[in-house]
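The lines below spell out each chain.
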Amino acid sequence: MPLVPKANISCFLCIGFKSWFSAFHRRKRLDSFVVGRFGALLQPFTFAVRLRRPVRKLTKTRKCCICSLNQLQDLSVSLNLEEIITTACFRSPEQVLDALQVVAQRGLTEEQVKQRQAVFGRNQVMQKASVSWWQRILEQFQDRLVLLLLLAALVSFVLAWSEQPNDRTWNVFIEPIVILIILVINAVIGVVQQTNADKAVEALKAYETDQVIVIRDAKRFPMDAKELVPGDIVELNTGMKVAADMRIVEILSSVLLVDQSILTGESISAFKISEPIRQVNNQRLVIQDKANILFQGTTITQGRCIAVVVGIGSETEFGKIQSDLSDMNQQSLQTPLQQKLDEFGKLLTNIVLVICGVVWIIHIDKFSEHGGIVQGALYYFKVAVALAVAAVPEGLPAVVTTCLALGAQRMAKQNAIVKSLPCVETLGCTSVICCDKTGTLTTNKMKAQQIFLVDWQQDENLKWMEIQLRDKASIESTGETTFFNMQTSNAINPRSIPSLVQLGCISSLCNDATVSFRNGKSYPVGDPTELALLYLAEKIGVESSSESPTKDGLNENSIDIQSVNLPARLYWISRYRKRRTFEFSRSRKSMSVLVEGQVENNGKQLSLLVKGAPENILERCRYVQSSQGKVIPLDAVKKRSILECFQKTLSTSSLSLRCIGFAYKPDATDLLYVPNDENCCYEDVETDLVFIGIVGIADPPREQVKDAIRLCKSAGIRVIMVTGDNPITAQGVARQVGLLSVEEMSSSNKKLRIISSHDFDNLQAHFSPESIYSAIRDLVILARVEPLQKLKLVEYLQKGNQIVAMTGDGVNDAPALRKADIGIAMGSGTWVAKAAAKIVLVDDDFSTIVAAVKEGRSIYMNLKHVIRYVISSNIGEVCCILISSVLGMPETLIPVQLLWVNLITDGLPATALSFNASEPNMMEQPPRAPQAPFVDGSLLFRFLTVGGYIGVASIGGFVYWYLFSPNGPHLTWNELTSYEQMTSMWKSDNGGKTMALSVLVISEMFNALNGLSESQSIFQLTPLSNPLLLTAISISVILHLMIVHIPWLQHIFSVTPLSITEWLVVVGLSIPVLSIEETFKWFYRQKR
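A brief report on the enclosed structure follows. (Residues numbered from 1 in each chain as written. Predicted model: local features only at pLDDT ≥ 70, side-chain atom pairs only at ≥ 80, totals over all residues. Heavy atoms only, no water.)

Quick word on the overall build of the protein
Across its full length, the protein carries 43 helices and 30 strands. For the protein, the proportion of contacts with a sequence separation of at least 24, taken over those separated by at least 6, is 73%. For the protein, the accessible area works out to roughly 47,900 Å², and carbon and sulfur atoms hold 55% of it. (Helix = DSSP H or I, 4+ residues; strand = E, 2+ residues; numbered from the N terminus. Contact = heavy atoms within 4.5 Å. Areas by Shrake-Rupley, 256 points an atom, 1.4 Å probe, with all protein chains shown as cover.)

Now the structure itself:
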């Protein structure tokens, strides 16, 4: 489509998008249906008819559109987005920016954004049209039992029509018409249930939004990716998903690697550049050749860059193949539980069909009593099929899907976003939770608390100079902070200690975090640890003799435009120019930057600034710098002495500190020429360092975590802390949150409860997998863990038949998240981790995981309640018909009545049971085994017992009316069971059927009350705990009373009014259903 017409349509969408879009989808659905059924010749007709209305609406919209159409057309032509997309890889970054009319340092203005949104729309791809309601209704009639009943009703209608006109009455048409109406109502209810289930599942997708960091109006802030427009300046770093097609403007790291497998199928990450690509002989480039383009849907696996958006929505490479991808990614909503229910349902269907066949055969000798052999055979065929329709729970899958989806929505409200419905039921089986420490057990609000510098004495003995930070202000504040020397208990000036100032310099420059200031408010952007170090650098300040540069002195070409609000960082970036960045990797546990600074005689010197895990940093150091700036050679003895002193200090500290080591390399000119490729080993770069000191960062535990861990212990769920911190820090946090008690920490098997990554490697090297599981059976803390060790931990636990939930946030955590039974990604984590996980924690809180496990158990129990109610009630209907047939009684229920019971008992009450409140003692029970059958022997026995009684009670009501009711014929038992001896007057009476029907309905309503709990008595967990169930039961009872006491409905359903005495008998026969279930619940509690 040309760009100018597209501008017109987009302009119309400003107001008329919803009406035009819905009409377009209606036309698309009708086209596909008509063409599929009647051939392509009718397609032009449908196109013309369905397109008239949207065209009229577009015309009306154009008159009142608030956008200036001419300006939008000019903008569309001047941008010429198609040409920009095609040629972006061949142009330099400056040329692409000029073509998009944007400056990289400033980004788009709000006015430009509004105009481009009006022209190009939102950054989203048109989704496939959903199934229409009438298609769903047709699907409800595809069940073979329903089709058989429709066929029987049709044959009955034809036979009635074939009677002589003089003998024909409208009464003969009532039954087939009512059967058809009830089936239609059942279909509508099925559609409503399925639609609600689909809506609940779709609502979950609304919680999954991609965030990007964008620069607009010279401000850097996070934003929803759907709001991107061509020309937006976006910052991307490791683990982020690319939200649109973008041209790389500047690479801010030494290497930029992107996973393009979703588009190209490449098994390795693609190496990206910012330089233009040379075009040879107008040859068309494939995706793999466009090394300076980032494509939507791909993921940054390593590095950091600035890019400009060139294509959004359907104009991206991913958008062009979205329809194919959506078809491939459409997965069945059927969960493992539903598969088990389907298998059970098929078995039940076969059993019911056999019973229906037996019922039909038993009545062969009674065919002549219904107007002839053919009519009698057809009548009992309808009875058998109606019984099958009523007994088979065909609506159960929709109820299960609704229950799972609504439970997932409740989890989403508690900040746990469920991406896969099967994991909802798996949550109830969770036996081990492997969780991160930082941000999950703790608040992730980092704050520098202590600084450890090396204090050099004349005898070359190395001691710690321990500095503690005390302030009354917030974490972000740089004022009112006092630095205390813990050895002398005196306050010190941080600027008077050279090593402390240098540590502040590294904290500021070797740091990707920043703070955005908008409308007088600060918005931290970056990793919490790096933010804490950034605030620490501001509190330390700069050299005493230095003057901080002003905002006007800032380099205009600097991308870090927010540094003007951070004086210390502004000073350091004016002194040192960042030339290279060697990104953090979990393998070496460090990060470094290469900076260029001015030295004497106007010379320049390159220095390497490094931060990371203290043990790893110290291992690569050759020198150590004292607090006063003296550099001393560092040998193995001194390294060991520093580590021992440091660990002793930490072990006696009341704080659980996360420690970061700092070092530098003064002359690193050779590092400027280290190749920018994925084969470069950064550990070889960070050698011969000068060790400065360590910063201890405190991260207080979350308030709810202690109670959550106590709840896990009572529920039989193990919690393992998997952290990258050192064992001492992890042990302190575990003690604070109740994960380790004082007795456990002092016990003889403490080493098996707290192990490091080195210990874990030793276990793998010397023991078999079975022995390793035995060794880690009591594991509580795995410290200094690496991503591969997370994966191995999951594998060993699973070999021990444990159901494992694993948390993660980084790119390298994806394999472990995918391997775990329940992968849980942090909301603040990378997109790669979120894509691999089944659940995303919005708030990163451990207590949210426990709440999700509790919700999973509750959902599973509610599903059992629904199934127990539906199956036992349906068994009662089968028993009622089968027993009366075997005893030779008249039919207790006719086809219309059976369908009526199915209509009012299987719909509302069953759905309402999925809203049951959680049982109080649910988290005091051990996790259920995933291999355990959903319907075991004891549960099947409960089905048969309760269902059998419902059937017998219905027969009892039928017998009461014929033998004892004041309004009945007072027959004897022999007369009742001898069908041929009964007079024609009593054969046609409906009193007995009404009693049987009423007992069946009322007993099933009492049975619904049994579904409130599997073990708790109805007097403990009262019906008031589920108001929806009371409402559903009330509606069902009122509907039944209407057909019994409204004359014209009596005629349709072949019932008669009941007296008060008869209603008391109905209630008396129905209420023992409660007593039977209460007995089962008592035995269940005693057994447990």
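Following the structure, the description resumes.
Observations regarding the packing of aromatic side chains
Per the counting criterion, the structure on display carries 9 aromatic pairs. Ring geometry for Phe958 against Tyr962: centres 4.9 Å apart, planes inclined by 55 degrees, an arrangement best described as tilted. On the criterion of helical spacing, the pair formed by Phe958 and Tyr962 is a turn pair, its members being 4 residues apart in helix α36 (residues 937–963). On the basis of relative accessible area, Tyr962 is assigned to the buried category, the value being 1%. A cation sits over an aromatic face here: Arg470 above Phe484, 4.2 Å from the ring centre. Here the guanidinium or amino end of Arg928 rests over the ring plane of Tyr860, the centre of that ring lying 3.3 Å away. (Phe/Tyr/Trp six-rings, centres within 6.5 Å; stacked < 30°, edge-to-face > 60°. Buried < 20%, exposed > 50% of the residue type's maximum accessible area, 1.4 Å probe, protein only. Lys NZ or Arg CZ within 6 Å of the ring centre and 35° of its normal.)

A closer look at the packing of helix α34 (residues 895–905) against helix α39 (residues 991–1010)
Where α34 contacts α39, the two axes come as close as 11 Å, and the packing angle between them is 20 degrees. One finds that α34 runs roughly parallel with respect to α39. When the axes of α34 and α39 are compared, the crossing they make is right-handed. Between α34 and α39, the residues in contact are Gln897, Val901, Ile904 and Thr905 and Lys993, Leu997, Leu1000, Val1001, Glu1004 and Met1005, respectively. (Axes fitted to C-alpha atoms, helices over the stretch in contact; angles between N-to-C directions. Parallel < 35°, antiparallel > 145°, perpendicular 65-115°, else oblique. Left-handed = near helix turned anticlockwise from the far one by under 90°.)

Considerations on the sheet that holds strand β6 (residues 270–271)
What the 3 strands build is an open sheet, ordered β6-β5-β8; its pairing is antiparallel. Strands with a single pairing partner mark the edges of an open sheet, and in this sheet they are β6 and β8 (299–302). Pairing geometry for strand β5 (residues 257–259) and β8, over 3 bridges, is antiparallel. Counted as the bridge partner of Leu257 is Gln302 from β8. (Pairing = 2+ DSSP bridges.)

Brief notes about unusual backbone geometry
A positive phi angle, close to 60 degrees, is found at Asp844, a residue other than glycine. As for its position among the elements, Asp844 is in the loop between β30 (839–841) and α33 (846–886). The phi dihedral of Ser1054 falls on the positive side, at around 55 degrees, and the residue is not glycine. Its place among the elements puts Ser1054 in the loop between α41 (1047–1053) and α42 (1060–1070).

Re the environment of Glu530
Here Glu530 shows up in helix α19 (residues 528–540). Once the C-alpha coordinates of Glu530 and Asn511 are considered, the two residues, 19 residues apart in sequence, prove to be 6.0 Å apart. Contacts of Glu530, omitting those with residues within four sequence positions, involve Cys510, Asn511, Asp512, Ala513, Met591 and Lys611.

Some points on the pairing of strand β19 (residues 590–599)
Counting buried positions along β19 yields 8 of 10 residues, so the element is predominantly enclosed. Relative to β19, strand β18 (residues 576–585) runs antiparallel, the two sharing 7 bridges. Pairing of Arg577 across the sheet is with Glu596, part of β19. Pairing between β19 and strand β20 (residues 603–612): 10 bridges, direction antiparallel. Counted as the bridge partner of Val595 is Ser607 from β20.

These values are about where atoms sit, not about what they do.
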